[in-house]
Every structure is written in C-alpha cells, then in structure tokens.
Amino acid sequence: MENVKWINGSHKEDNRIFDSEFEVEEWAEALYPDFVAYLSEINNVGYATPDEKVIKYLASLFPQWADYINLQIGVCTGKIEIDGKIIYKIWTVK
C-alpha cells in the first residue's frame, strides 16, 4: 500500500452505511472526479469505508475508470478493525 492517495475523509458520506444498492451506486459513481484526479502512472488511489457494499461496487468501477484514461491497474481490497469497527479498503496498484 505504498504511494496510495487515500481520498476519503472529505465527505460526510465517507462513514455512512447505505441502505440500498441504488444509494451505493450513486455514491460510488459520484466519487469518479476524486479518483480520476489522482489516478495516474505514479499514484495509486484508495478509499476506505465501513460499508462493504461500496467497496464491492468500486471494485467493478476502478478498472473502467482506468480504462477511460488508458491506464492498466490492479485492484486490491482489505479490511481492518479500528475501535471494534470494521473498515473496508480498496486501492489500485500499478
């Protein structure tokens, strides 16, 4: 996870657990401008959230977004526990 630019923390929804798949899709797709701003040959970009559904949806979006800018990436996921709360993570690798 070196050279990962974590983009979460600037939106109030970052710590939200969404009720429906529609909300998850809308939220994840709205993150596109944040991700593409850092997605490059040099940087890896990542996101962390307590909502596993968001991570699963982003896993399908990341390769599409990279393809838009002709970039080949791999996608990694993981989870950590902080103060008894599970946080799910996703990040790109070159």
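This text follows the structure it describes.
Numbering of residues starts from 1 in each chain and follows the order in which that chain's sequence is written. Predicted model: local features are reported for residues with pLDDT of at least 70 only, side-chain atom pairs are reported and counted for 80 or more only, and whole-chain, interface and lining totals are derived from all residues. No hydrogens and no water enter the side-chain calculation; it runs on all heavy atoms of the structure.

Asks: Even after reading the chapter, I still don't get the sheet that holds strand S4 (residues 85-93), so can you show me in this structure?
Replies: Strands qualify as paired when DSSP identifies two bridges or more between them. Helix and strand definitions here come from DSSP, where helices need a minimum of 4 consecutive H or I residues and strands a minimum of 2 consecutive E residues; each element is numbered from the N-terminal end. Read across the open sheet, the four strands follow the order S1-S2-S4-S3; overall the sheet is mixed. Here the strands that pair on one side only, and so sit at the sheet edges, are strand S1 (4-6) and strand S3 (74-82). Each strand axis lies, on average, 25 degrees off the axis of its neighbour in the sheet, ignoring direction. Looking at chain direction, strand S2 (residues 44-49) and S4 are connected through four bridges and run antiparallel. Bridge assignment links Ala-48 to a residue of S4, and that residue is Lys-89. Lying over the sheet, helix H3 (residues 52-68) contacts S2, S3 and S4, oriented at roughly 5 degrees with respect to S4. Angles here are taken between N-to-C directions and fall from 0 to 180 degrees, while the axes themselves are lines fitted to C-alpha atoms, restricted in helices to the stretch in contact. Note on definitions: a residue-residue contact is assigned when non-hydrogen atoms from the two residues lie within 4.5 Å.

Asks: Is there a simple way to think about helix H1 (residues 21-30) in this case?
Replies: An α-helical turn contains 3.6 residues, so any two residues separated by three or four positions project in the same direction. Note on exposure labels: buried denotes an accessible area under 20% of the residue type's maximum, exposed denotes more than 50%, and partly exposed covers the range between, all computed with a 1.4 Å probe on protein chains only. Every buried residue of H1 is accounted for by Val-24, Trp-27 and Ala-28. Down the axis of H1, the buried side of the element spans an arc of 95 degrees, and every buried residue falls inside it. The secondary structure elements touched by the buried residues of H1 are helix H2 (32-38), S2 and H3. This arc corresponds to the set of directions leading from the helix axis out to the C-beta atoms.

Asks: What is the right way to read unusual backbone geometry from this model?
Replies: Residues apart from glycine generally show negative phi values, whereas peptide bonds are mostly found in trans. Not every positive phi belongs to a glycine, and Asn-70 is a case in point at roughly 55 degrees. Of note, Asn-70 is situated in the loop between H3 and S3. A relative accessible area of 69% means that Asn-70 is categorised as exposed. Of note in this structure, Asp-83 is not a glycine but carries a positive phi near 50 degrees. Its place among the elements puts Asp-83 in the loop between S3 and S4.

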